[in-house]
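# Inside the fold
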Amino acid sequence: MKYRSILYLLCLMMALMVSGCWNYSELKELSISYALGIDQLDDGQIQLTLLISLPMAGKSSSQKSNSNGGEEKGYWVTTMTGRTLFEALSNGRDQVSRKTFLAQNKVIIIGEEAAKNGISPLLDLAYRRHDVRELNDVFIAKGKAQDILEAKSEQEENLAKALENLVEATGSTSKATKTTLLDVMKSLVSKTNDPFISGLELVDHSAGKETKKLVKLSDTALFKDDRLVGWFNPKETRGLLWILGEVKSGIIVVDAPDDESKKVAIEIMKASRKVKPELMDGKPVMTVSVEEVGNLGEQMTSINMATPENFKELENRQANVIKEEIQAALDKAQALGVDVFKFGQEYHRKFPKEFPALEENWEEEFKNLTVNIEVKTKLNALGLAAEPVKD
Amino acid sequence: MKVIAVILVFTVIALIQTPDLVRKKQWRELVVSSLLLTLGFILSFLQVIGIELPNPNKGVEAVVRFFTS
Amino acid sequence: MLEGGKITSKQMILLLFTSRMITWIAFLFVIFAPPGNQDVWIDCLMALPLQLLLALPFYFLAKRFDKQSFFEYTTAILGKPGKGIGILYILFLIHMSALSIAQFSIFLTTVLMDITPPLFFKITLLILSAFAAYKGIESLGRFTELVAPIGMIVVLGVVLALVKDMDPKEFLPFLESGLFPSFFTGLYIFSTNIELIMMAVLLPFLNHRGKLNTVYIGFPILLVVFLFTLTATVIALFGYDLAKTMTFPFYSAIRTISLGNIIERVESIFVAAWLLGLYVKMALYLYVTVLGISQIFRLKVYRPLLLPLVSLIVPVSTLLGKNIVEMNEFTSFEIYPWYALNFIFIIPFFLLLTAIVRRKGEYRP
């Protein structure tokens, strides 16, 4: 009998717990952050920029912008400063009237200046906090992260969503990279790998009489240890992706066989790569072999490409373009001494015994590394048009 | 406040346990369970009134380090 | 008769397995142990032969005293001093229960509910577990049979969802620092397996005595397979270097699940399943401890001891769980094995020797 009463008590307790104990959070008491911008100010302080959704604005946006020209804002960009990121966040509580909720955060943007001083201290908070996802996309802004967040996307109401879509699309262009917090952490923690992070920039976009700022995915930031040291342009970025084996699709433009000024575009259908580390007399030699299958996507000349000779020629030219891209990326990375290709890791895996000696001076070894590039390409299909239409 | 809560909780546990044991004349059980309860009460009470108790892990660690190094 | 219930060998394996796995899922200690590189998965496999070999004292003791539990045959072998050994084990079990509950309240407050006071978890969970232990071994066994598959399915589901993000190359180079460190870590893994004591206490409740071999072999195999899965998942996903920097590696792995941007943030489901297992674990610990106490002092009932035991474990666990750094230091490979090995290998070994010398119990092969 006594124990039955205890059972009832327990049931009562459960009822209390079901309603959510200490950690309840009501939607209307949260400021949901979608993007986090990190900048370093001149006095060494950290400035955080949050892109916070305004739930009430969403309701009235259906009535379009009101008569006095003021645009409805669905999002609020606010900044806060402090000596550390966490302090900045808590300082921000003076102006943000609701509890900051980072679990929905999708994007972390780091300003160029802050990145030059090292990113690992800036990412520690995000890595440590249990509400920030490891799958956040990380970007390096050319300029200040705050400016990027204050720009607006024309298509999407939510800039973070727009950035997420942009970065998803890199799969079909292979001109920019997609780097999540997890990727960055992986290469930061490794002794030989150096991280790379996709970059963002603001470009002027003239729409009628007024010019607007537009956020654009551009270039890839390169890091030595955790300091920003240089950038890969889109061509070099493609080279990087070839070596990493992350090219999924994209367009390769080659000169037409008959006329150098006319271009032919080839769509990458399939690509794979093999990286073969070797040691020759104690000197590391790397062989990168890329295999690619493409389709003829477009031709701007008028000769018939659908002949075996022309196809062969296109394949060769395509291979040359790929080689050039890889070589460009290698040259820049070796000049800067940043091993973004994970070559060091490959040596570690293949030569565990010899590697400690190499690792000691990996930067120099990498700078002097001989890399052989082998590219095999194939052309498969040519679309619906067998021959170009001409008079 | 906390002190009162601790005393209250332990009194309730004692009240739930004891009458049954006394009625059934299970004296050994009564002794052992009161022993456990008293130990628990002393430990809780000391912590609640703010006395720093040593961490048992530290003791084990010291012994192990003495033997392994 | 203290306990009239019987459990099947399957229930027993699952009970012990759940109890051990729950700890390893949250705190994957193997990752931080030697050899400290991508070869730690070998350690997990290494634990199997070690476990089968080093648990032999328990096995032969159980063969000699097939009607008696661990706490009963210590007295049968040693006489009065056997009670001292028993009390030592009780203290050890209380320490381990308090340590477990302290670890888990830290795990929960770190990963999910950071404002809830740890004391709240400790008290509610222990009271509920005490209720399960109150119901006896039979219902605990049945409950485990229900819960353990849920936990296994969740873990396997998590691993399957992560397969696409794994990189088998993370396991290379193979055997970078030789086999010896793995051997040591195998010992460490074995030493964390204090469920062997639970096994020794519960064996008399096995419904078919002949199933002893099944439990003795099935439990470590299941354990090693799962531990290997966890470790390999974490390493293939993060690479060893990053995994080493994480407090809860497997939990971090679950956080990265993303299937087509639809199935994401599944960690709450995981923690829910995990809590069920934790409930079983604490119930088992409480049950074995009170049963042990009653057997040492020849009590007729063990149930009145449950609440006093809970009231003792809670303050001890607040003592132990002051901060996670101190706790991790204690459970690290430097301290913990030398402490726990005494209880799961050395003392049983000498007990067995004494039993053989004094011709206590009869050996029935």
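Structure's up top.
Quick summary incoming for the structure in this document. All of these numbers come straight from a predicted model, not from anything done at the bench.

Moving on to the overall build of chain A. The secondary structure content of chain A amounts to 13 helices and 13 strands. Its C-alpha atoms put chain A at 90 × 65 × 60 Å along the principal axes. Buried residues in chain A amount to 47% of all 391 residues. Put simply, of all contacts in chain A between residues at least 6 apart along the chain, 70% involve residues at least 24 apart. When the accessible surface of chain A is split by element, carbon and sulfur atoms take 51% of a total near 20000 Å². Across chain A, 51 positive and 59 negative side-chain charges occur, with their mean positions spaced 6 Å apart.

Our focus in this paragraph is the interface of chain C and chain B. Many analyses report the size of an interface as the accessible area lost when the parts associate. Taken together, the contact pairs 28 residues of chain C with 27 residues of chain B. Roughly 2600 Å² of surface becomes buried between chain C and chain B when both sides are summed, with 67% attributable to carbon and sulfur atoms. Counting every contact that joins chain C to chain B gives 3 salt bridges. We note a salt bridge from C:E329 to B:K58, for which the minimum N-O separation is 4.0 Å. One can count 7 residue pairs in polar contact (both at pLDDT 80 or more) joining chain C with chain B.

Opposite the 34 residues of chain C that make contact, chain A presents 29 residues. Regarding the contact of chain C and chain A, the summed buried area is about 3000 Å², with carbon and sulfur atoms giving 58% of it. When the buried surface of chain C facing chain A is broken down by residue, C:L242, C:R255 and C:R265 rank first, second and third, together holding 22% of it. Applying the counting criterion to the chain C and chain A interface returns 4 salt bridges. C:R255 is paired through a salt bridge with A:E134; the nearest N and O atoms lie 3.0 Å apart. Linking chain C to chain A there are 11 residue pairs in polar contact (both at pLDDT 80 or more).

It is worth spelling out helix α1 (residues 2–23) of chain B at this point. All names here are of chain B. Taking 1.5 Å per residue, 22 residues should reach 32 Å; α1 reaches 32 Å between its end C-alpha atoms and fits that length. The set of residues buried in α1 consists of V6, F10, I13, I16, Q17 and L21. Backbone geometry just downstream of α1 places K25 in the positive-phi region, at approximately 60 degrees.

Turning next to the packing of helix α9 (residues 234–244) of chain A against helix α10 (residues 308–336) of chain A. All names here are of chain A. Between α9 and α10, whose axes approach to 7 Å, the crossing angle comes to 95 degrees. Between α9 and α10, the angle falls in the class roughly perpendicular. Two secondary-structure elements touch here, α9 through K235, E236, R238, G239, L240, W242 and I243 and α10 through I322, E324, E325, I326, A328, A329, L330 and K332. A class-by-class count of the residues in the contact of α9 with α10 yields 8 nonpolar, 1 polar and 6 charged.

On to the packing of aromatic side chains. Where two aromatic rings form a pair, the distance of their centres and the angle of their planes describe that pair. Residue and element names in this part refer to chain C. One pass over the structure, following the stated rule, counts 42 aromatic pairs over all chains. A ring pair is formed by W41 and F171, whose centres lie 5.9 Å apart and whose planes are at 75 degrees; its orientation type is edge-to-face. Of this pair, W41 sits in helix α2 (residues 40–54) while F171 is found in the loop between α7 (137–162) and α8 (180–192), placing the two residues 130 residues apart along the sequence. The class of F171 is partly exposed, set by a relative accessible area of 22%.

That bond from C:L172 to C:P173 is cis: its omega, -5 degrees, falls within 30 degrees of zero. A positive phi angle, close to 55 degrees, is found at A:S174, a residue other than glycine. Structurally, A:S174 is set in the loop between α7 (159–173) and α8 (181–189). Even without being a glycine, A:D219 presents a positive backbone phi close to 60 degrees. Within the fold, A:D219 resides in strand β8 (residues 210–224).

Helical geometry: 3.6 residues make up each α-helical turn, so side chains three or four residues apart lie on a common side. All names here are of chain C. Along helix α3 (residues 56–64), 7 of the 9 residues are buried, which leaves the element largely enclosed by surrounding structure. Of the residues making up α3, those classed as buried are P57, F58, Y59, L61, A62, K63 and R64. Elements in contact with the buried residues of α3: α2, α4 (70–78), α9 (195–202), α10 (212–238) and α16 (336–357).

This part takes up the sheet that holds strand β12 (residues 283–299) of chain A. Residue and element names in this part refer to chain A. Within the open sheet, the 4 strands sit side by side as β10-β11-β12-β13. Their pairing is mixed. Two strands bound the open sheet, and with one partner strand each, they are β10 (250–255) and β13 (370–379). The average angle at which neighbouring strand axes cross in this sheet is 40 degrees, direction not considered. Bridge count between β12 and β13: 10 bridges; the pairing is parallel. When the bridges of β13 are listed, E291 appears paired with K376. This element, α9, spans β10, β11 (263–280) and β12 of the sheet and lies at about 55 degrees to β11.

Our focus in this paragraph is the nonpolar core. The biggest cluster of nonpolar side chains holds 193 residues, and the ones touching the most others in it are A:I110, C:F250 and C:W274. With 18 residues, helix α13 (residues 267–296) of chain C is the largest single contributor of residues to this core. Core analysis: the next-biggest nonpolar cluster, separate from the first, contains 45 residues, A:I243, A:L244, A:V254 and A:F366 among them.

Quick notes on the rules
Residues numbered from 1 in each chain as written. Chains lettered and ligands numbered in written order. Predicted model: local features only at pLDDT ≥ 70, side-chain atom pairs only at ≥ 80, totals over all residues. Heavy atoms only, no water. Helix = DSSP H or I, 4+ residues; strand = E, 2+ residues; numbered from the N terminus. Buried < 20%, exposed > 50% of the residue type's maximum accessible area, 1.4 Å probe, protein only. Contact = heavy atoms within 4.5 Å. Areas by Shrake-Rupley, 256 points an atom, 1.4 Å probe, with all protein chains shown as cover. Lys, Arg positive; Asp, Glu negative; His and termini not counted. Charge placed at Lys NZ, Arg CZ, Asp CG, Glu CD. Buried area = accessible area lost by both parts, 1.4 Å probe. Salt bridge = Lys/Arg side-chain N within 4 Å of Asp/Glu carboxyl O. Polar contact = N/O pair within 3.5 Å; in protein donor to acceptor, adjacent residues only side chain to side chain. Expected span 1.5 Å × (residues − 1). Axes fitted to C-alpha atoms, helices over the stretch in contact; angles between N-to-C directions. Parallel < 35°, antiparallel > 145°, perpendicular 65-115°, else oblique. Nonpolar A, V, L, I, M, F, W, Y, C, P; charged D, E, K, R; others polar. Phe/Tyr/Trp six-rings, centres within 6.5 Å; stacked < 30°, edge-to-face > 60°. Pairing = 2+ DSSP bridges. Core = buried A, V, L, I, M, F, W, Y, C linked by side-chain atoms within 4.5 Å.

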